[in-house]
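# Topology and contacts: notes
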Amino acid sequence: IWDGGRVLATHTELADRVTQGDNARANDTHATHVSGILISAGQNPSVRGMAFGARLQAYDFENDDAEMSAAAASLLVSNHSY
């Protein structure tokens, strides 16, 4: 996922499944929300994500072209919240 900032990786629904791939400076509510839509574990069954067993690599928008080029070979799916 490329979004506006750091994903709150300690969130109960995301814990231990988010890797921040860059040096995003601040947690971002939109990035965390989109991450939850994608991979929420389902601790609360009403918020289980589409890919609830997946792991997520997260990046902010800074340097996104270079990051996408470097990561492309290892990505199955990519989300960009521009």
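A brief look at the structure comes next. (Residues numbered from 1 in each chain as written. Predicted model: local features only at pLDDT ≥ 70, side-chain atom pairs only at ≥ 80, totals over all residues. Heavy atoms only, no water.)

## Comments concerning the sheet that holds strand 3 (residues 56-60)
Applicable threshold: One bridge is not enough; two strands pair if DSSP finds at least two bridges between them. To qualify as a helix, a DSSP run of H or I must reach at least 4 residues; to qualify as a strand, a run of E must reach at least 2; elements of each kind are numbered from the N terminus.
The sheet built from 3 strands is open, its strands ordered 1-3-2 with parallel pairing. Strands at the two margins of the open sheet, each flanked by one partner only, are strand 1 (2-3) and strand 2 (18-20). Bridge count for strand 1 against strand 3 is 2 bridges, and the pairing is parallel. Bridge pairing links D3 to D60 in strand 3.

## Some words on unusual backbone geometry
Backbone geometry places D16, a non-glycine residue, at a positive phi of 65°. Tracing the chain through its elements places D16 in the loop between strand 1 and strand 2. Phi is positive for N63, close to 65°, though the residue is something other than glycine. Position of N63 among the secondary structure elements: in the loop between strand 3 and helix 2 (64-71).

## Notes on the nonpolar core
Using the following cut-off: As used in this record, nonpolar core signifies buried Ala, Val, Leu, Ile, Met, Phe, Trp, Tyr and Cys residues forming a set joined through side-chain atoms within 4.5 Å. For each residue, the accessible area found with a 1.4 Å probe, counting protein chains only, is set against the maximum for its type, and the residue is called buried under 20%, exposed over 50%, and partly exposed in between.
Residues I1, V7, L14, V18, A31, V34, I39, L56 and A58 constitute the largest nonpolar core, which totals 9 residues. Among the secondary structure elements, those contributing two or more residues to this core are helix 1 (29-39) and strand 3. When residues of this core are assigned to their parent elements, the largest contribution, 3 residues, is made by helix 1.

## Digging into helix 2
To be explicit about the condition: By arc we mean the arc of the directions from the helix axis to the C-beta atoms, nothing more.
Three or more residues of helix 2 are buried, namely D64, E67 and A71. The arc that holds every buried residue of helix 2, seen down its axis, measures 65°, which confines them to one face. Pointing more than 90 degrees away from the buried face of helix 2 are the exposed residues D65, S69 and A70.

## A look at the side chain of S35
Test applied: Throughout, a contact is declared for two residues whenever any of their heavy atoms are within 4.5 Å.
Within the secondary structure, S35 sits in helix 1. Look at S35 and you get buried, because its relative accessible area is 0%. When sequence neighbours within four positions are dropped, the list of residues in contact with S35 reads I1, V7, L14, S40 and L56.

## Thoughts on the pattern of salt bridges
For clarity, the cut-off: In the sections that follow, a salt bridge refers to a side-chain nitrogen of Lys or Arg positioned within 4 Å of a carboxyl oxygen of Asp or Glu.
Following the criterion strictly, the structure yields 1 salt bridge and no others. Linking E62 and R25 is a salt bridge whose minimum nitrogen-to-oxygen distance equals 3.3 Å. Note that E62 is positioned in the loop between strand 3 and helix 2 and R25 in the loop between strand 2 and helix 1, a separation of 37 residues in sequence. For E62, a relative accessible area of 45% corresponds to the partly exposed category.

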